[in-house]
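Now for the letters of each chain:
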Amino acid sequence: MLPSTVRQTSQGSLDRFNSLLTASPDMVFRLSRDGIILDFHPTTDTGSSLSTKELVGTRIQNLFPHEKTNQIKSLIHQALGTGKLQLCKAPIQINGQTNHIEARYIPCSESEVIVIVCDVT
């Protein structure tokens, strides 16, 4: 068991990290190698209808068309294979309006990536 001072320091770091995520205007996902959403933090945009409870455990192929799913899986595998950030810029339709996003795929272990999605419209 960890000493209480180490646990308190770790919890403080985790709390600060969660505060940083909450303040971010970007969506953050943690995805498995095979495209399962392991964690999700929605954008601070109050118009977002995405919910963490609804998305965690969901496969990306249940959310996106086949072509987009293949692109996302390819980017996951490239990030994991190279160990380097992969960048994707794409237009998407949100509520009948075309927005432009930038998604950064960052390897965080041998089998998981962090994906940060930013609206660059």
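Residues numbered from 1 in each chain as written. Predicted model: local features only at pLDDT ≥ 70, side-chain atom pairs only at ≥ 80, totals over all residues. Heavy atoms only, no water.

This paragraph deals with the nonpolar core. Judged by nonpolar contacts, the single largest core of 20 residues is most densely connected at Phe29, Leu31, Tyr105, Val113 and Val115. For this core, the elements supplying multiple residues, two or more each, are strand 1 (27-32), strand 2 (37-41), helix 3 (66-82), strand 3 (86-94), strand 4 (97-107) and strand 5 (112-119). No other element matches the five residues that helix 3 contributes to this core. Leave out the neighbours within four places in its chain, and valine 113 touches Phe29, Arg30, Leu31, Ile76, Ala79, Leu80, Tyr105, Ile106, Pro107 and Cys108. (Core = buried A, V, L, I, M, F, W, Y, C linked by side-chain atoms within 4.5 Å. Buried < 20%, exposed > 50% of the residue type's maximum accessible area, 1.4 Å probe, protein only. Helix = DSSP H or I, 4+ residues; strand = E, 2+ residues; numbered from the N terminus. Contact = heavy atoms within 4.5 Å.)

So, about the pairing of strand 4. Pairing analysis gives nine bridges linking strand 3 to strand 4, with the strands arranged antiparallel. Bridging from a neighbouring strand, alanine 90 pairs with isoleucine 101 of strand 4. What sits between the antiparallel neighbours strand 3 and strand 4 is a turn of two residues, in which asparagine 95 has the positive phi angle 50 degrees. Note that strand 4 and strand 5 share seven bridges and pair antiparallel. Considered in strand 5, the bridge of tyrosine 105 is made with valine 115. In sequence, strand 4 turns back onto strand 5 through a hairpin of four residues. (Pairing = 2+ DSSP bridges.)

We now examine the pattern of salt bridges. In total, this model carries five salt bridges according to the counting rule given. Residue glutamate 112 is joined to arginine 30 by a salt bridge in which the shortest nitrogen-to-oxygen separation is 2.7 Å. Remark: arginine 30 occurs in strand 1 and glutamate 112 occurs in strand 5; sequence separation between them is 82 residues. For lysine 89, the salt bridge goes to glutamate 102, with nearest N and O atoms at 3.7 Å. Of the two residues, lysine 89 is situated in strand 3 and glutamate 102 in strand 4; the sequence distance between them amounts to 13 residues. One salt-bridge network, in which partners are shared between bridges, spans Arg30, Asp39 and Glu112. (Salt bridge = Lys/Arg side-chain N within 4 Å of Asp/Glu carboxyl O.)

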